[in-house]
Amino acid sequence: MREAGLEVARDEAGNLFGRRGDARVLTGSHLDSVPNGGRFDGALGVVAGIEAADRLRETPLAVVAFRAEETGPMGSRRLEELPEAFVELHIEQGPVLERLGEPLGIVTGVIGQARGTVTFEGQAAHAGTTPMEERADALVEAARFVLHVRESARDGARATVGALEIEPGATNVVPERVTVSVDARAPTAESLDALIESIGFEPTWRLDPVAMSGPPLAALRAVLPGAPELVSGAGHDAMVLAAAGVPTGMLFVRSLNGGVSHCPDELSSAEDISLAMDALTETIARVSESDTAGV
Ligand SMILES: [Zn+2]
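Along each chain, residues carry numbers from 1 onward, in the same order as the chain's sequence is written. Confidence filtering applies because this is a predicted model: local features only for residues at pLDDT of at least 70, side-chain atom pairs given and counted only at 80 or more, and all residues used for totals across whole chains, interfaces and linings. For side-chain calculations, the full set of non-hydrogen atoms in the structure is used, while hydrogens and water are omitted.

Here we take up the pattern of salt bridges. Each salt bridge in this description consists of a side-chain nitrogen of Lys or Arg and a carboxyl oxygen of Asp or Glu lying within 4 Å of one another. Going through the model one piece at a time under the given rule, you end up with 13 salt bridges. Among the ionic pairs, Asp 183 bridges to Arg 115, the shortest N-O distance being 3.3 Å. Pair noted here: Asp 183 is in strand β12 (residues 177-186) and Arg 115 is in strand β7 (residues 112-121), with a separation of 68 residues, a long-range link. One connected set of salt bridges, linked through shared partners, spans Glu 51, Arg 55 and Asp 278. Secondary structure follows DSSP: runs of H or I at least 4 residues long count as helices, runs of E at least 2 residues long count as strands, and numbering of each begins at the N terminus.

Below, the structure written as structure tokens:
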């Protein structure tokens, strides 16, 4: 950061900043990773921010390495002062851009999420002596529900049953009670509502989708005309800032190897990263010049 002409400081939450002048635009990502994670998730956005700062020597701006995006408590949730605009460069962590044959994508929003459980009640009975037609098997009902959950997810929505609790959970007893977890995700608040209703469960936890907006999104669209636009299925620091009301833009770089992430096979090419660097630099330059930042 110092070599790029930035003044380095750390806040109470542990976020690391490199600043130059009266910075209105913030860029960056996180440096922490998951156990056995790859080299690009997060770190690329920090390195790219520093490189952009190095290229834009005359532009007031700030670069951040957010604390603990993966593990929490997320540093991006504890900013002492919100920037006027935020731009994050990040790997896609999915296969969409690779399948489209496109190096870069513009994120329009981050998918919303709801979680809850559904419980099925039956009657415990002897597996050998209870005739098939006289059973109230909670697991058979739950199995139908699992298929229903899967079929409910359409148009970019995702719905997953990842955990089952079966009682009494014995090989020779017809299941009496089954609790099924539901994880439902959709790109807009309306589509998340519709998905929850279609599945038929009461969420115990919900995070509404957030939209990218304002000068950062407009600048990305101007710099990359015709680039594919994507909704991120994963949460990011950009999601936190956008939810806090900061006009935010997010640039995705193609993930190779089928889009794998959170594992050592995570990969983006030097050519794609170079294109992303040019786009990020141009985007920051435009946003810092726009007089609508913060509106
Ligand atoms: Zn990340």
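Our focus in this paragraph is the coordination of the zinc ion. Water is absent from the atoms considered, so a metal site may look incomplete; donors are defined as N, O and S atoms within 2.8 Å of the metal, or 3.2 Å for Na, K and Ca. Coordination of the zinc ion by the protein comes from His 30 (NE2), Asp 41 (OD) and His 90 (NE2), over a distance range of 2.0 to 2.2 Å. Overall, His 30 belongs to the buried group, its relative accessible area being 1%. We call a residue buried when its accessible area falls under 20% of the maximum for its residue type, exposed when it is over 50%, and partly exposed in between, using a 1.4 Å probe and counting protein chains only. The buried category is assigned to Asp 41, whose relative accessible area is 4%.

Turning our attention to the packing of helix α1 (residues 43-55) against helix α7 (residues 270-289). Note on geometry: axes are lines fitted to C-alpha atoms, helical ones only across the stretch in contact, with angles between N-to-C directions running from 0 to 180 degrees. Direction vectors running N to C along α1 and α7 enclose 55°, while the axes themselves pass 9 Å from each other. Between α1 and α7, the angle falls in the class oblique. The two elements α1 and α7 cross, and the hand of that crossing is right-handed. In this structure, α1 uses Leu 44, Ala 48, Gly 49, Glu 51, Ala 52 and Arg 55 to contact α7, whose residues at the interface are Ile 273, Met 277, Asp 278, Leu 280, Thr 281 and Ile 284. Angles below 35 degrees are treated as roughly parallel, those above 145 as roughly antiparallel, those between 65 and 115 as roughly perpendicular, and all remaining angles as oblique. The sense of a crossing depends on the near helix, which, turned anticlockwise from the far helix by less than a right angle, makes the crossing left-handed and, turned clockwise, makes it right-handed. The contact rule is simple, with two residues in contact once any of their heavy atoms fall within 4.5 Å.

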